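Descriptive analysis of the structure
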Amino acid sequence: MAATGTEKQGSKAFYVTTPIYYVNDAPHLGHAYTTVAGDVLTRWHRQRGEKVWYLTGTDEHGQKIMRTAEANGVSPQEWCDKLVEEAWKPLWEHLDIANDDFIRTTEKRHTDRVQEFVQDLYDKGEIYKGGYEGPYCVGCEEYKLPADLIDGEGEYEGQKLCPIHKKPVELLKEENYFFKLSEYGPRLLEFYGANPGFIQPESARNEVVNFVKQGLQDLSISRSTFDWGVKVPWDEKHVIYVWIDALLNYATAVGYNENPAKFADTFPADVHLVGKDILRFHAIIWPAMLLANDLPVPGRVAANGWLMVGGEKMSKSNLTGIKPQDLTSHFGVDAYRWYFLRAIAFGQDGSFSWEDFTARYTSELANDYGNLASRVAAMVGKYFGGELPEATASDAAEKAVQEGLAKAAATADRLIGEELDFQGGILAIFDFVKQVNGYLTEQEPWKVAKDTSPEGQARLATILYTAADSLRGMAVLLNAVMPRTSEALWESLGAEASLGALADQPVQNAGVWGQLPVGSTVTKGAVLFPRLEEPKTTA
Ligand code: ME8
């Protein structure tokens with residue numbers, strides 16, 4: 001966990017969350033996708049000098065976890081402890097996720113506050129006792145509407161299946177407590193209307209609005225046929241429904257009812273990142289819960305699309321055996337962080353293949369970016385003994401590069417920092433990488449170097465300074481996405497000594513030309529993106 005940048009004190013933090021993931025199994029590529037996106041977004045904002053809070057964690061109650069633990073012959077708590085410590089936290093560390101906190105729903109700081117929140121709603125008359133009978137999907141931990149189910153085939157012939165998990169639903173009949181969700185439809189629609197950016201992308205927003213327009217049903221918020229959960233405070237035969245418990249993590253983790261100053265400085269979230277499977281929980285139930293308890297609602301719920309394999313949503317059951325670590329050991333952690341955000345438009349579905357990753361790694365990272373960095377460092381070494389020369393003979397070609405950097409920086413800041421268009425932002429930066437490669441190809445510094453006249457040497461110095469300051473800009477702009485290689489490039493440019501730590505470079509100023517001081521010691525560091533070992537195929 002690393003907090004960097006110069007923080008503005010006394011202001012509300014830019015607060016970003018991931019879903020808290022079920023710990024019935026180890027994390028897979030889909031979980032890592034959302035978590036890396038949040039990490040890039042929060043690193044970007046930290047590097048703007050903003051105060052930031054990035055939260056992730058684990059969802060540990062409910063029937064799904066309980067059954068998994070039973071099947072493995074351990075208690076649910078033992079199961080969760082093991083998975084969190086041996087699988088979840090280590091992966092986030094491995095992927096350089098700089099989260100500020102990690103909340104587990106079995107922690108007392110969470111369970112006590114959940115009870116208080118639900119008790120408050122009960123005292124306000126927002127909760128009543130009733131009965132419910134309906135199909136339940138344990139995979140989703142959700143009562144389903146009969147109309148949403150699909151007909152089973154093959155081994156499930158004659159049964160009704162959950163459309164997401166493609167597994168039979170269970171018919172449950174229970175006495176439950178209900179939250180008066182149905183009363184919140186009009187307020188929610190008014191809120192969506194007044195805040196058109198609340199749900200992202202647009203298609204997801206329309207789906208939610210149409211769903212609410214059809215009329216909401218009250219929500220069962222307790223379960224009484226098992227006990228792995230937070231007890232309903234006024235009726236201990238019930239446990240609180242796992243989704244109510246889980247959604248509240250976003251409040252309990254930042255001091256709800258415990259640390260008013262922290263809560264005021266952090267809550268509500270500016271961005272809840274979610275997969276589109278859980279959008280309705282975040283865009284309907286969560287704001288309704290908050291409105292019911294007079295708490296502020298979040299700024300934005302942004303849904304990412306599915307990572308697909310063989311045309312199916314990548315899930316714990318159809319992972320085709322690819323773990324995040326299989327990819328990082330082949331491509332490296334930075335390339336991994338970059339690839340999914342680069343290859344897939346955020347909000348859209350996208351497929352993974354070894355072939356596509358290999359092709360993009362080789363052409364964009366190794367050839368375009370990595371080679372540029374090593375060529376420029378090598379030439380500054382060869383022609384100027386590693387001491388960055390001054391640009392005294394700039395002309396139109398240099399001006400175009402300077403403008404290219406300013407444009408890339410402004411575009412990336414808007415797209416990554418504001419619009420969560422990671423692909424667009426990364427592309428803007430890599431267009432600039434291409435531009436600088438084109439500039440060197442045209443300027444041919446290796447030929448200019450043969451001209452030993454003062455004019456020739458001034459041109460050579462100008463070309464190399466221009467390329468080196470461009471690399472300085474790239475290191476700053478790519479630091480949120482690829483912190484390790486950006487750091488390596490920063491070192492190779494000798495920038496630390498004069499400009500200070502890379503993470504302290506304001507990303508919104510990355511496009512200001514000429515920051516790398518003349519005289520910086522440029523060294524040829526390790527290759528940023530080494531040649532890949534034997535090719536791998538998806539088939
Ligand atoms: O839903 N493609 O947890 P979960 C993209 N505990 N993203 C994917 C994905 C895929 N194929 N598969 C998973 C839960 N994800 C609840 C959340 S929050 C209060 C409670 C990501 O372990 C995506 O972000 O099933 C999705 O919403 C999340 O993992 C679901 O994780």
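Scroll up for the structure.
Just so it is clear, the model here is predicted, and its values are computed rather than measured.

1. Thoughts on the site of the ligand
- What surrounds the ligand is a group of 27 residues, the closest being I20, T34, D59, L307 and M314.
- Between the ligand and N304 there is a distance of 3.3 Å, counted from a nitrogen atom to a side-chain nitrogen or oxygen.
- Protein burial of the ligand: of its 680 Å² of free accessible surface, 96% is covered by the chains.
- For the shell around the ligand, the secondary-structure elements that each account for two or more residues are β1 (14-22), α1 (29-47), α7 (242-247), α8 (249-252) and β14 (271-275).
- Here the shell around the ligand is composed, by residue class, of 14 nonpolar, nine polar and four charged.

2. Looking at the nonpolar core
- Among the nonpolar cores identified, the biggest contains 174 residues, and Y192, I244, L327 and Y369 are the most heavily contacted of them.
- Of all hydrophobic cores here, the second largest spans five residues; its members include C137, C140, L149 and C162.

3. What about the sheet that holds strand β17 (residues 312-313)?
- Read across the sheet, three strands follow the order β17-β16-β18 without closing on themselves; strand pairing throughout is mixed. On the outer flanks of this sheet lie β17 and β18 (350-351), each paired with one strand and no other.
- Strand direction decides the pairing type here: strand β16 (residues 307-309) and β18, joined by two bridges, are parallel. What sits directly across from M308, in β18, is S351.

4. Notes on the sheet that holds strand β9 (residues 199-200)
- Pairing is parallel in the open sheet, where six strands are placed in the order β3-β2-β1-β14-β15-β9. Here the strands that pair on one side only, and so sit at the sheet edges, are β3 (101-104) and β9.
- Examined bridge by bridge, β14 and strand β15 (residues 301-304) share four bridges and lie parallel to one another. When the sheet's bridge partners are listed, V274 is paired in β15 with A303.

5. Observations concerning the pairing of β3
- The alternating pattern of β3 places D101 and I103 and F102 and R104 on opposite faces, both of which are buried.
- Across four bridges, the pairing between strand β2 (residues 52-59) and β3 is parallel. For G57, the partnering residue across the bridge sits in β3 and is I103.

6. Regarding helix α15 (residues 422-443)
- Its 22 residues give α15 an end-to-end C-alpha distance of 32 Å, which sits within 8% of 32 Å, the value for a rise of 1.5 Å per residue.
- Positive phi shows up at E444, right after α15, with a value of about 45 degrees.

Cut-offs applied
- Residues numbered from 1 in each chain as written.
- Predicted model: local features only at pLDDT ≥ 70, side-chain atom pairs only at ≥ 80, totals over all residues.
- Heavy atoms only, no water.
- Near = heavy atom within 4 Å.
- Polar contact = N/O pair within 3.5 Å; in protein donor to acceptor, adjacent residues only side chain to side chain.
- Areas by Shrake-Rupley, 256 points an atom, 1.4 Å probe, with all protein chains shown as cover.
- Helix = DSSP H or I, 4+ residues; strand = E, 2+ residues; numbered from the N terminus.
- Nonpolar A, V, L, I, M, F, W, Y, C, P; charged D, E, K, R; others polar.
- Core = buried A, V, L, I, M, F, W, Y, C linked by side-chain atoms within 4.5 Å.
- Buried < 20%, exposed > 50% of the residue type's maximum accessible area, 1.4 Å probe, protein only.
- Pairing = 2+ DSSP bridges.
- Expected span 1.5 Å × (residues − 1).

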